[in-house]
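Below are the chains, spelled out letter by letter.
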Amino acid sequence: MHQSKIEQAQEKVEDLRRELRTQVEEEVRSSIRKRTWRQFLLRGIGCCGMYLVLLLSIPTLLLYLIARTGLVEVPWLSARVAHERAPDRVVAAASVGSIEQLLALKLRAVAGLGGVAAPQALTFSEEELTALLRMVLTESRSSFSAQAATAQVTIDGGAVELAGRIPGLGGTVTTVRVRGVPSMRDGRLAVDLSDVVVGNLGIPRFLAQTIARSLIDQVPPA
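Thresholds applied
Residues numbered from 1 in each chain as written. Predicted model: local features only at pLDDT ≥ 70, side-chain atom pairs only at ≥ 80, totals over all residues. Heavy atoms only, no water. Pairing = 2+ DSSP bridges. Helix = DSSP H or I, 4+ residues; strand = E, 2+ residues; numbered from the N terminus. Buried < 20%, exposed > 50% of the residue type's maximum accessible area, 1.4 Å probe, protein only. Polar contact = N/O pair within 3.5 Å; in protein donor to acceptor, adjacent residues only side chain to side chain. Contact = heavy atoms within 4.5 Å. pLDDT = per-residue confidence, 0-100.

### Points about the pairing of strand β3 (residues 173-185)
Taken residue by residue, a regular strand's side chains alternate between the two faces of the sheet. Of the strand pairs in this sheet, strand β2 (residues 159-167) and β3 are connected by eight bridges, and their pairing is antiparallel. Across the sheet, the residue bridging to I166 is T174, located in β3. Hairpin connection, β2 to β3: the antiparallel pair is bridged by five residues, and G170 has positive phi, about 70 degrees.

Quick look at the structure:
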């Protein structure tokens, strides 16, 4: 049975339509595949970049905090980060011959006011305490003795602040400020610290209190 020219033309149009639809569907599928792979790569690169930033930020933050203490020379950072904090005011040490001489003078002053039969309080000025601190550091024969001349004591509102310079690693020198309220408990010295700053970095109170307690435990009973 012979088809008419119209029917043949219709079949050709239908074939072209099916072929065109097939090509369009293939192009769409190919575009979707390419877009999916592109998104996958972008997400992968983005995730890797975020992990890389996190991995780099942690050591960078640690180095920044170390540079603020001034205890270690950190390349590039130390020259760009403030790592010293000077005391609020400077205290000049009093002229004291020795600890024994200063105590003898204080005891004679108390005795002149009525004797020492009853418990008496000895009062020391900031200048005298600064002189005592420097003498103790000088005689300690520790690494702090080299910086004893920079140590000082200030008293403000019942709190005592010790400030000075301490040696770090590799020949570095930095500042330290320790503030707290001293007291006697069961015949031993105790200090409730409120502020500890090494260089330009504040030390967490619980950590500073632990360090101070370990150092104070080495002080002999009063």
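We are not done yet, so read on.
### Overview of the side chain of Q152
Positionally, Q152 belongs in strand β1 (residues 152-156). For Q152, a relative accessible area of 4% gives the class buried. Polar side-chain contacts of Q152 include one of 3.0 Å to the backbone nitrogen of V91. Not counting the four nearest positions on each side in its chain, Q152 is found in contact with P87, R89, V90, V91, T130, L133, E161, L162 and A163.

### A closer look at the confidence of the model for the protein chain
Per-residue confidence for the protein chain gives a mean pLDDT of 77; residues scoring 70 or more make up 77%. Ranking the elements of the protein chain by mean pLDDT puts helix α4 (residues 205-216) last with 68 and β1 first with 90.

### A closer look at unusual backbone geometry
At W76, a residue that is not glycine, the phi angle is positive and equals roughly 70 degrees. Note on placement: W76 falls in the loop between α1 (5-69) and α2 (99-112).

### So, the side chain of E126
Summarising the element assignment, E126 is placed in helix α3 (residues 126-139). Relative accessible area serves as the criterion here: at 16%, E126 is assigned to the buried category. Aside from chain neighbours lying at most four places away, what touches E126 is R89, V91, V153, T154 and I155.

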